[in-house]
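Understanding the architecture of this molecule
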Amino acid sequence: MNAIGLVEFNSIARGIAAADIMVKTAAVELLAANPICPGKYMALVGGDVAAVSAAVKAGVAAGGQAVVDDFVLPNVHPAVFPAITASSTVEQLQALGIIETFTVASLIVAADQAAKAAEVELIEIRLAAGLGGKSYVTLTGDVAAVKAAVEAGAAKAADQGLLIDQVVIPSPAGMLKKAVL
């Protein structure tokens, strides 16, 4: 699997129907299909670039006006999957970077861009659950790398007008380290 794609909907019913069409349209794996806050739905698929592109295109067409955001990421950074499932193996927190966006789709794209921009480790990608529809990524590395990664990822979200905030904490407090890792 070298590509992922996601369609985010403001209707749960329309999202479920579109997810069904997505997996029937192309040979993709359904990686996630679930409700997210506040009353939205996301369908995440993986596979080769052509299949993922076809599935996302079909999902967007089926979703119509219920589509909030979407993407296709060819050559997704390998750190994205463990960060989405909160199974990253980051053991040491150095500088801490955070990117916060209004949509799941914009955040995953920003996290991928951040991971590709500098030598950082993605800690976690939180996708809208219990967050009022917002999403955020936490990442760590040396200060310069975290700054570069956060700037690159945040710029990607800002281009779409979906960036809420970006923060770099050069030396997180010990108690915060326990909470983040």
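Structure: above.
Residues numbered from 1 in each chain as written. Predicted model: local features only at pLDDT ≥ 70, side-chain atom pairs only at ≥ 80, totals over all residues. Heavy atoms only, no water.

1. Notes on the sheet that holds strand β5 (residues 95-101)
Note: strands within a sheet are paired through backbone hydrogen bonds, in either parallel or antiparallel orientation. Stated precisely, the cut-off is as follows: Paired strands are those between which DSSP finds at least two bridges. Numbering of helices and strands starts at the N terminus; helices are DSSP runs of H or I of at least 4 residues and strands are runs of E of at least 2. For helices, the axis comes from a line fit to the C-alpha atoms of the stretch in contact; other axes are also lines fit to C-alpha atoms, and the angle between any two N-to-C directions lies between 0 and 180 degrees. Contacts are assigned to residue pairs that have any heavy atoms within 4.5 Å of one another.
An order of β6-β7-β5-β8 is seen for the 4 strands of this open sheet, with the pairing classed as antiparallel. The open sheet has two free edges, formed respectively by β6 (121-127) and β8 (163-169), since each of these has just one partner strand. Averaged over all pairs of adjacent strands, the angle between strand axes in this sheet comes to 10 degrees, irrespective of strand direction. Both β5 and strand β7 (residues 135-141) contribute to a ladder of 7 bridges, which runs antiparallel. Bridge pairing in β7 links Ile99 to Val137. Here helix α5 (residues 143-159) sits on the sheet in contact with β5, β7 and β8, set at roughly 5 degrees to β5.

2. Remarks on the pattern of salt bridges
For clarity, the threshold we go by: In the sections that follow, a salt bridge refers to a side-chain nitrogen of Lys or Arg positioned within 4 Å of a carboxyl oxygen of Asp or Glu. Summary of the burial criterion: residues with accessible area below 20% of their type's maximum are buried, those above 50% are exposed, and those between are partly exposed, where the area comes from a 1.4 Å probe applied to protein chains only.
Summed over the entire model, instances satisfying the criterion amount to 5 salt bridges. In this structure, the salt-bridge partner of Asp20 is Lys24, at a minimum N-O distance of 2.8 Å. Here Asp20 pairs with Lys24, and both are found in helix α1 (residues 12-25), just 4 residues apart, close to one helical turn. The exposure class of Asp20 is partly exposed, given its relative accessible area of 34%.

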